[in-house]
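Fold and geometry: a report
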Amino acid sequence: MQTYLLSQQFNTRSLAENSTACPANATICNGTSCVLPEDNFNETLSIILSAVLTIMLALVMFSMGCNVELKKFWGHIKRPWGIFVGFLCQFGIMPLTAFLLSLVFDVLPIQAVVVLIIGCCPGGTASNIIAYWVDGDMDLSISMTTCSTLLAMGMMPLSLFVYTKMWTDSNTIVLPYDSIGISLVSLVIPVSFGIYVNHRWPGKAKIILKIGSIAGAFLIVITAVVGGILYKGSWIISPKLWIIGILFPAAGYSLGFLLARIAGLSWHRCRTVSLETGMQNTQLCSAIIQLSFSPEQLELMFTFPLVYSIFQLLFALLILGGYRVYRRHRVKTKTDVEKTEEKEDSKSASSHAKINGGFVSNETK
């Protein structure tokens, strides 16, 4: 009986040890060696994130459309000087800057290609949200994003053919035209509904716009946070790519603003062109490199779009903060000047009345 109890205790202890050594979801267990099923957490989270962000983005772009006036929007299409300047920035400045940065820092050929792909991508929809917060020209912002996404179907292959010759065959780069088309549809349809609402019910459109602008800010933050969670194991990259990831968006914002100012655009349109130039569609870049390169090559290049998206957002927030401080200071200064002028006018009116013995109104006392 005692031997039986000892045997039972031993078996129980062995089962307990095996149960701690092998998780319950193990498919094969041999002692401490276990085969676990593939962890699909990131894949599941990515699918959920894509669905949620797509819906949120559509709602935000609908609200942005509520700030677009049909006549002004059509005016930009009929007289596309602002759109043309944006086109030169998007498909002229950005690919050339990517090419020069890759040469200066002498990165690996495969890394130079991903920098160039970022430079050739169209503008991202986040630029429309930031443009609203910096009092940009929303009609120009929406029309530039739409046109750059549409023109990307032809300009991206052309730019990649011109700039990637010294590093790789441009025919090896697969452009996901379906993704570009989806981006275009997800932009045009909700914005069109927003423009219609603004045309029919301008009072309601203002309320929708305020809610959507706040939701847009949350959307940008959520995308950055969840992206960091999904790709937390992919941040070990060359220091050169980190430096390029910092300099590239800063150059895009600066050169876009400078070219727009040289072209004679107004200040609020210069801010708009600057944002449209510096903020790229990094999701499209990620899709392109995943379709075009092997897993071994992706290890050297996959993280760069994420690095670029982080710094393009940080610089955009700095631009927003700087503009808000400037606007507050300017309004305060302007108010102080107006009050000083009113006091001086009041004093001069009183003294003039005393000298001439005239009537002094209650407003000037």
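Just so it is clear, the model here is predicted, and its values are computed rather than measured. Here, residues in each chain are numbered from 1, in the same order as that chain's written sequence. pLDDT decides what is reported in this predicted model: residues at 70 or higher carry local features, side-chain atom pairs at 80 or more are listed and counted, and totals for whole chains, interfaces and linings draw on all residues regardless. With hydrogens and water set aside, each side-chain value is computed from the structure's full complement of heavy atoms.

**What to know about unusual backbone geometry**
The backbone phi angle of Asp 106 is positive, close to 50°, even though this residue is not glycine. Helix and strand assignments follow DSSP, with helices taken as H or I runs no shorter than four residues and strands as E runs no shorter than two, numbered in order from the N terminus. Inspection of the secondary structure assignment puts Asp 106 in the loop between helix H4 (81–105) and helix H5 (109–120). Residue Asp 106 is classed as exposed on the basis of its relative accessible area, which comes to 58%. One non-glycine residue, Asp 135, lies in the positive phi region at around 55°. We call a residue buried when its accessible area falls under 20% of the maximum for its residue type, exposed when it is over 50%, and partly exposed in between, using a 1.4 Å probe and counting protein chains only.

**So, the packing of aromatic side chains**
For Phe, Tyr and Trp, where Trp contributes only its six-membered ring, two rings pair if their centres lie within 6.5 Å, and the inter-plane angle classes them as stacked under 30 degrees, edge-to-face over 60, or tilted in between. Evaluated as defined, the whole model comprises 8 aromatic pairs. Between Tyr 132 and Trp 133, the ring centres sit 5.7 Å apart and the planes meet at 75°, which makes this aromatic pair edge-to-face. Residue Trp 133 is classed as partly exposed on the basis of its relative accessible area of 26%. Residues Phe 248 and Tyr 308 carry aromatic rings whose centres are separated by 5.4 Å and whose planes lie at 75° to one another, so their mutual orientation is edge-to-face.

**A look at the layout of surface pockets**
A probe as big as a water molecule, rolled over the atoms, marks out the empty space that is left. Here the term cavity refers to a set of points on a 1 Å grid, laid over the protein atoms alone, in which a 1.4 Å probe fits but cannot get out; the term pocket refers to an open set having protein on both sides within 12 Å along at least five of seven lines, with lining residues being those that place an atom within 4 Å of a point. Grid points are joined across faces, edges and corners, and a volume is the space filled by probe spheres set on the points. Of the volumes computed, that of the second largest pocket is approximately 260 Å³. In this structure, the second largest pocket is lined by 16 residues; those nearest its centre are His 76, Asp 137, Asp 139, His 268 and Arg 269. Elements supplying a minimum of two residues to the lining of the second largest pocket: helix H3 (70–78), H4, helix H7 (138–163) and helix H11 (267–278). In terms of residues, the lining of the second largest pocket owes the most to one element, H3, which gives 3 residues. Note that Gly is not counted as nonpolar here; it falls among the polar residues with everything else outside the nonpolar set of Ala, Val, Leu, Ile, Met, Phe, Trp, Tyr, Cys and Pro and the charged set of Asp, Glu, Lys and Arg. Partitioning the lining of the second largest pocket into residue classes produces 4 nonpolar, 6 polar and 6 charged.

**Concerning the UniProt feature "transmembrane region" (unreviewed entry) in the protein chain**
UniProt positions are given in the numbering used here, feature names are shortened, and annotations may be inferred rather than shown by experiment. The UniProt record marks residues 45–68, 80–104, 110–134, 141–163, 175–196, 208–229, 241–260 and 305–326 with the feature "transmembrane region" (unreviewed entry), using the residue numbering of this structure. Secondary structure across residues 80–104 comprises 96% helix and 0% strand; the distance between its end C-alpha atoms is 35 Å. The distance separating the terminal C-alpha atoms of residues 110–134 is 37 Å; by composition the span is 76% helix and 0% strand.

**A look at the packing of H4 against H11**
Two measures define how a pair of helices packs: the angle their axes make with one another and the distance between the axes. Orientation is described by axes fitted as lines to C-alpha atoms, over the contacting stretch for helices, and by angles from 0 to 180 degrees between their N-to-C directions. The contact between H4 and H11 brings their axes to 9 Å, and the two run at 35°. The handedness of the crossing between H4 and H11 comes out as right-handed. Across from Val 85, Gly 86, Cys 89, Gln 90 and Met 94 in H4, the residues of H11 making contact are Val 273, Glu 276 and Thr 277. Crossing handedness follows the turn of the near helix against the far one: under a right angle anticlockwise gives a left-handed crossing, and clockwise gives a right-handed one. Working rule for contacts: check all heavy atoms of both residues, and any pair within 4.5 Å makes them a contact.

**Topic: the nonpolar core**
As a rule of thumb, soluble globular proteins bury nonpolar side chains together. Put simply, buried Ala, Val, Leu, Ile, Met, Phe, Trp, Tyr and Cys residues joined by side-chain atoms within 4.5 Å make one nonpolar core. Core analysis: the biggest nonpolar cluster contains 40 residues, and Val 115, Ile 117, Met 156, Ile 173, Phe 248 and Phe 293 have the highest contact counts within it. When contributions to this core are tallied by element, the ones reaching two or more residues are H4, H5, H7, helix H10 (239–262), helix H12 (282–292) and helix H14 (304–356). Per-element tally for this core: the top contributor is H5, with 9 residues. Sequence-distant contacts of Ile 117, defined by excluding residues within four places in its chain, comprise Leu 160, Ile 173, Cys 285, Ile 288, Ile 289 and Phe 293. Core analysis: the next-biggest nonpolar cluster, separate from the first, contains 23 residues, Met 64, Phe 73, Val 134 and Met 279 among them.

**Comments concerning the side chain of His 76**
Mapped onto the secondary structure, His 76 falls in helix H3. Relative accessible area serves as the criterion here: at 8%, His 76 is assigned to the buried category. Within the structure, the side chain of His 76 is placed 3.3 Å from the side chain of Asp 137, a separation counted as a polar contact. Residues within four places of His 76 in sequence aside, it is in contact with Ile 83, Asp 137, Asp 139, Leu 140, Ser 143 and Arg 269. Pairs of N or O atoms are called polar contacts if they sit within 3.5 Å, as long as, within protein, a hydrogen donor faces a hydrogen acceptor (for residues adjacent in sequence, only side-chain-to-side-chain pairs).

**Side note on the pattern of salt bridges**
Charged atoms that come close allow side chains of opposite charge to pair. Here, a salt bridge means any Lys or Arg side-chain nitrogen found within 4 Å of an Asp or Glu carboxyl oxygen. The full count for this structure, using the stated rule, is 2 salt bridges. Residue Arg 327 is joined to Asp 135 by a salt bridge in which the shortest nitrogen-to-oxygen separation is 3.0 Å. Placement of the pair is Arg 327 in helix H14 and Asp 135 in the loop between helix H6 (126–133) and H7, with a sequence separation of 192 residues. On the accessibility criterion, Arg 327 (35% relative accessible area) is partly exposed. Note on Asp 135: relative accessible area 29%, which makes it partly exposed. Residue Arg 269 pairs with Asp 137 through a salt bridge whose shortest N-O separation is 2.8 Å. In this pair, Arg 269 is assigned in helix H11 and Asp 137 in the loop between H6 and H7, connecting sequence segments 132 residues apart.

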